[in-house]
Amino acid sequence: MHSRCDLACDHCYVYEHADTSWRGRPRAVLENVLARTAERIGDHARTHHLPAVHVVLHGGEPLLAGRALIRRAAEELHRALPPGCALDLRIHTNGVLLSTAFLDLFAEYGIRVGISLDGDRAANDRHRRFADGRSSHGKVLAALDLLRRPEYRHLYAGLLCTIDVENDPVAVLDALLDLEPPRIDFLLPHATWDAPPARPAGLGDRPYADWLLAVYDRWTALGTPVPVRTFDSVHRTLRGRSSLTESLGLDPADLVVIETDGSFEQADSLKTAYDGAPATGFDVFEHSLDQVAAHPGMRERQSGLAGLSDQCRSCPVVRSCGGGLYAHRYRTGSGFANPSVFCGDLMHLITTVRDRIDAAPATVPPQPPPAEPVLTGEQLDQLASGYGDAATVRDLAGHQLGLTRRMLAALADGRPDAWQLLTALDAAAPRALDAVLGHPYARAWAARCLRGEPGADLGTLAELAAAAALRARIPFELPVPVRDGAVHLPTLGRLLVGGVGETRLGGTADGFTARGRRIGWDTPPDEAWQPVRRVALPGWTVALEDTDPQRAGHQWPVADRLGEEALQGWTGALREAWELIGRDLPGYAPGLAAGLSTVTPLRPGPDGRDVSAAARQAFGAVGIARPATAPVLALLLVHEFQHVKLGAVLDAHDLYDRADERLYHAPWRPDPRPLEGLLQGTYAHLAVTEFWGTRVRAYDGLPGAAAEHARQQLAVWRAHTAAAVETLAGSGSLTALGLRFADGMRGSVAPWLDVPVGPAAEAHARAEAADNLSRYRESAAAAAR
């Protein structure tokens, strides 16, 4: 946002280290750079179906850019991102200029604020001063007082502290904790083998490890009151999980810097290596983010173990250390093919923490490479035909769970207490945690929350953590919301306690307590305790979700809590529908059993019409108003689960060009549809076609109204679906994988085109198609006018 700073910190890598490129750049970011940057980010998110994009407004000192320019940045970014992609927008500042006017702007756009502070006044003033030598500490504390006001507290992202080993580590931590940050990050001072870090006499050979271990001991003695990214990353990598920072672990770097003139740079920490080290030669006007990602320097930082020096690859803690920060490996002559200049400190820190937490040996098995396709070609072909076996759908579900985890991580700072519990459960009881995070409405809530939609508050993060801890039988205490008089526990149920606000939920191995009401695992349902009811069928168990407040995203209004008679009606209808699916639609049954975990009862449609819907961000759930007959319920189940499956495929693989904004004729609708809408409808109607085809075969030419109705429906839906497949294939916007997918759909509908239905049914199908086409043309002409 701005390439200059109002402080003169002597440890700053931008102005005080090797790189001097800042001197030739515009002071403030240019407006055309902001617009083009937003377009590039939007295109990238659209191309790769990103559920969230993380953008940090940085400097220099970004507040020097002023409110108008920051507002323009936020507007451009929000405008450019595609639907369904959340924007995690942050600003990192020294805090000196922070004011209520800035914070009001940040609140308007959901911009979260990180502040650099090195501890108490003595520690902070060692480096963070104005150019005339004045202290900045008082102004930063004043800024933090503003940020901690109730109306702005939700914007507080955390504190970043650069380590100076001559500062008292315990005093530094205590000073930072006094400011109630939701998260703390400790940064090693940037250094290389050419310009090594300070190692003052008398502080030993590993002063940075000793300093961090003193902080670690104090942090653990206080009960780990806030997340500390460095320590959490060491814990995670020792257990074979991903790191939370680029300076540890083997996870590929996924960050790019955009300078005020629109130049793309690699990580800005590289400015400490040599003049011009971060440069790519690319800019936002001429190059896409995919081109930047292919730059040799970017690829080197994504090469994991293979990109490390021989010494690093043979090290017993390499999977936790990861060779340290890339910039810290630099040495003239050998470039970055060296261990970190902090190698000894990192080794001592990691092995000491490992021993203290009694973790598994640091030589844990490697994580799977992140670039592997989600589905194999064989699995995609299964799905293209409309089906997908249990293993394939489970793989889709696993990918969806990973997306949910990423989305929750973007919300972690808003409820650090809940995030700490979730992190602990991830280590101690991952299956219990996955059972809750795999709940369809966990992701639906996270998506709404990241979009800043009304009613999507961070209290749900605490509800998810509490439910997972209860499933794991792990004791905890956590404040949770009271919504409409109830405490909600996703996948478990709700407890009516009355009132609103928050209550403290206490969980033990045998139950939980809220507002004086104790619920054990053997407590029977009553008017207050309303558990989620599940219907257990041969080979399939499904929840009837009528308590979760996040379930209202299925286009139609959801039903209230089912009474006993309605519950029995649903149970019987599901049993009959499942038997019919297994008998008549056996290709759909295994995938449905593996992936459809939840049916949400809806209210009947207008005039009692059968209604149903899937929700794009709620993998594993469909909403249905219970129809009068089991065959119709079977049809609605397989139809809506087609939408669920295809949504998950589109999250994992590119089937079409997202830049195609044309509208297309869907033969079953009078209104023009975008390409994805046409693809979704076509895929869903593969199942509809097969359903009516099996009904025609069951009647086997028999006379009667029911048989003729089935023949008419098969004639209509096979014609609609076959025509739509050809529209998709001829659009010119399908990728190679999309064309292969269209071939699979074509092959699936083809056998049903040969089933005889009689001239009357064929005439009915032609008349309906002609009527829909006429109404489509009228609608398209009206839109053009």
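Residues numbered from 1 in each chain as written. Predicted model: local features only at pLDDT ≥ 70, side-chain atom pairs only at ≥ 80, totals over all residues. Heavy atoms only, no water.

Draft legend 1. Spotlight on the overall build of the chain. Scanning the chain for helices and strands turns up 26 helices and 22 strands. Here the C-alpha radius of gyration of the chain, 29 Å, is about what a compact globule of 785 residues would show, namely 28 Å. Taken over 785 residues, the chain has a buried fraction of 55%. In the chain, of all internal contacts separated by at least 6 residues, the share reaching a separation of at least 24 is 69%. Carbon together with sulfur atoms contributes 53% to the accessible area of the chain, which is approximately 32,000 Å² in total. Averaged over its 80 positive side-chain charges, the chain has a centre that lies 2 Å from the centre of its 95 negative ones. (Helix = DSSP H or I, 4+ residues; strand = E, 2+ residues; numbered from the N terminus. Rg over C-alpha atoms; globule rule 2.2 N^0.38 Å. Buried < 20%, exposed > 50% of the residue type's maximum accessible area, 1.4 Å probe, protein only. Contact = heavy atoms within 4.5 Å. Areas by Shrake-Rupley, 256 points an atom, 1.4 Å probe, with all protein chains shown as cover. Lys, Arg positive; Asp, Glu negative; His and termini not counted. Charge placed at Lys NZ, Arg CZ, Asp CG, Glu CD.)

Draft legend 2. A look at the packing of helix H23 (residues 675-699) against helix H25 (residues 736-753). Close contact between H23 and H25 brings their axes to 10 Å; oriented N to C, the two are set at 20 degrees. Viewed along their axes, H23 and H25 adopt a mutual orientation that is roughly parallel. Of the two elements, H23 crosses H25, and the hand of that crossing is left-handed. Counting all contacts with H23, which are made through Leu-679, Thr-682, Tyr-683, Leu-686, Thr-689, Glu-690, Gly-693, Thr-694 and Arg-697, the residues of H25 involved are Phe-741, Met-745, Ser-748, Val-749 and Trp-752. (Axes fitted to C-alpha atoms, helices over the stretch in contact; angles between N-to-C directions. Parallel < 35°, antiparallel > 145°, perpendicular 65-115°, else oblique. Left-handed = near helix turned anticlockwise from the far one by under 90°.)

Draft legend 3. Inspection of the sheet that holds strand E17 (residues 540-544) at higher detail. On the basis of which strands lie adjacent, the open sheet formed by five strands has the order E16-E17-E18-E20-E19 and mixed pairing. In this open sheet, the two edge strands, each paired with only one partner strand, are strand E16 (533-537) and strand E19 (612-614). Across the sheet, the axes of successive neighbouring strands diverge by a mean angle of 25 degrees, strand direction being ignored. Across two bridges, the pairing between E17 and strand E18 (residues 598-601) is parallel. Residue pairing for E18: Ala-543 is matched across the bridge by Thr-598. (Pairing = 2+ DSSP bridges.)

Draft legend 4. The pattern of salt bridges, seen in detail. Tallying each qualifying case throughout the model produces 54 salt bridges. The salt bridge partner of Arg-616 is Glu-676, with a shortest N-O separation of 3.6 Å. In this pair, Arg-616 is assigned in the loop between E19 and strand E20 (621-624) and Glu-676 in helix H23, connecting sequence segments 60 residues apart. Residues Asp-671 and Arg-669 are paired through a salt bridge, measuring 2.8 Å at the closest nitrogen-oxygen approach. We classify Asp-671 as partly exposed; its relative accessible area is 24%. A residue is classified by how much of its surface remains accessible, and Arg-669, at 30% relative accessible area, is partly exposed. (Salt bridge = Lys/Arg side-chain N within 4 Å of Asp/Glu carboxyl O.)

Draft legend 5. Region of the structure containing the pairing of strand E10 (residues 486-489). Here E10 shows no split at all, with Ala-486 and His-488 on one side and Val-487 and Leu-489 on the other all buried. Sheet topology note: the E10/strand E11 (residues 493-496) ladder contains four bridges and is antiparallel. Across the sheet, Val-487 pairs through a bridge with Leu-495, a residue of E11. Linking E10 to E11, which pair antiparallel, is a turn of three residues; within it Thr-491 sits at a positive phi near 75 degrees.

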